[in-house]
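# A structural walkthrough
This is what each chain is made of:
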Amino acid sequence: MTADMVDADVPDGLRASHADRDRVVEALAAAAGEGRLTHEELDERVTAALSARTLGQLAVLTADLPAQAAAVVAPAAAKDVVRIEQQYASATREGPWIVPRRLEIVCAWGNVTLDFSDAVLTHDTLDIDLDLCGGTLRLITRPGMVVDTDSLAVGYSKTKVRPARGPEAPVVLRVGIGGRISMGKVDVRPPRRWFGR
């Protein structure tokens, strides 16, 4: 397999997420179950998938398999800038949403929740330009996320950034929050723990 086998539509320089690697491993296991890969090839490709840093490196591993297997590494197109604007309302991004390079949030008397637990990371940085009055911006983080609020102008408001629990993970996303907040709150925290889980 060579780099010229990569589908031209795959943005091969974009960073791969844990979910991207998991999807490729599942596709490889299915291909081996169909007899398309030997045990040795499966072991070799799974090892390469787990250490892949970009989508292009993952695409090479499924390029000689049927189209449905190769498609697992082609994410939805990521936008450079996404704007969330609202009044007296709430907005939530959760599940496998595509994280842009920049978020512009304008919110008056409402709440915005960004859950990064299963988000698809296509960049290693996210800039949030915040204009918040009388509401809450909540970020639910995952291991390897670093959040910086030093550039945020705060008036009659509260910011709280709680670190991730558990062992320290390699940094996968740096989030910088700038702009201004008035009579509101920024709350950055890992997912809540529930008893019995």
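The structure under discussion appears in the preceding block.
Residues numbered from 1 in each chain as written. Predicted model: local features only at pLDDT ≥ 70, side-chain atom pairs only at ≥ 80, totals over all residues. Heavy atoms only, no water.

## Some thoughts on the packing of aromatic side chains
Aromatic ring pairs are reported here in terms of the distance separating the ring centres and the angle at which the planes meet. What counts is decided by this rule: Here the aromatic set is Phe, Tyr and Trp, taking the six-membered ring for Trp, and pairing holds for ring centres within 6.5 Å; pairs whose planes are under 30 degrees apart are stacked, those over 60 apart are edge-to-face, and all others are tilted. Segments assigned H or I by DSSP are reported as helices when at least four residues long, segments assigned E as strands when at least two residues long, and all are numbered from the N terminus. The rule is simple: take the accessible area with a 1.4 Å probe, protein chains only, and divide by the maximum for that residue type; under 20% is buried, over 50% is exposed, in between is partly exposed.
A complete count under the given rule lists one aromatic pair for this structure. Taking 5.3 Å as the distance between ring centres and 55 degrees as the angle between the ring planes, the aromatic pair formed by W97 and F116 counts as tilted. On the criterion of sequence distance, the pair formed by W97 in the loop between strand 2 (90-93) and strand 3 (98-99) and F116 in the loop between strand 5 (111-115) and strand 6 (120-121) is long-range, its members being 19 residues apart. With relative accessibility at 11%, the residue W97 sits in the buried group.

## Concerning the pattern of salt bridges
Quick reminder of the rule: Here, a salt bridge means any side-chain nitrogen of Lys or Arg that lies within 4 Å of a carboxyl oxygen of Asp or Glu.
Scanning the model with the defined rule gives 11 salt bridges in all. Note that D80 and R101 form a salt bridge whose closest N and O atoms lie 3.7 Å from each other. Within this pair, whereas D80 is found in the loop between helix 4 (67-70) and strand 1 (81-87), its partner R101 is found in the loop between strand 3 and strand 4 (102-108), the two being separated by 21 residues in sequence. A relative accessible area of 48% places D80 in the partly exposed class. The partly exposed category is assigned to R101, whose relative accessible area is 39%. Across the pair E104 and R83 runs a salt bridge, and its minimum N-O distance is 3.1 Å. Note that E104 is positioned in strand 4 and R83 in strand 1, a separation of 21 residues in sequence.

## Focus: helix 3 (residues 55-62)
Most of helix 3 sits inside the fold, with seven of its eight residues counted as buried. Among all positions of helix 3, only L55, G56, L58, A59, V60, L61 and T62 are buried.

## Comments concerning the sheet that holds strand 8 (residues 136-140)
Note the threshold: By this definition, two strands are paired if DSSP reports at least two bridges between them. Here the axes come from fitting lines to C-alpha atoms, over the contacting stretch only for helices, and the angles between their N-to-C directions go from 0 to 180 degrees.
Reading across the sheet, the five strands line up as 2-5-8-12-10 and stay open at both edges, with parallel pairing between neighbours. This sheet does not close on itself; its edge strands, each paired only once, are strand 2 and strand 10 (158-161). Between one strand axis and the next, the sheet turns by 5 degrees as a mean value, whatever way the strands run. In terms of strand pairing, strand 10 meets strand 12 (residues 185-189) through four bridges, oriented parallel. By the bridge assignment for strand 12, K158 is matched with K185.

## Here we look at the environment of Y156
Formally: The criterion used for residue contact is that any of the two residues' heavy atoms lie within 4.5 Å.
Within the secondary structure layout, Y156 lies in the loop between strand 9 (145-155) and strand 10. The spacing of Y156 and M183 is 27 residues in sequence and 4.9 Å in space, taken between C-alpha atoms. Among all residues touching Y156, those that are not within four sequence positions of it are M183 and G184.

## So, the sheet that holds strand 4
Ordered by their spatial adjacency, five strands build an open sheet running 1-4-7-11-9, and the pairing between neighbours is parallel. Only two strands of the sheet have a single partner each, and these edge strands are strand 1 and strand 9. Taken over all neighbouring pairs, the strand axes of this sheet differ in orientation by 10 degrees on average, direction set aside. Both strand 4 and strand 7 (residues 125-133) contribute to a ladder of seven bridges, which runs parallel. Paired with R102 across the bridge in strand 7 is D127.

These values are about where atoms sit, not about what they do.
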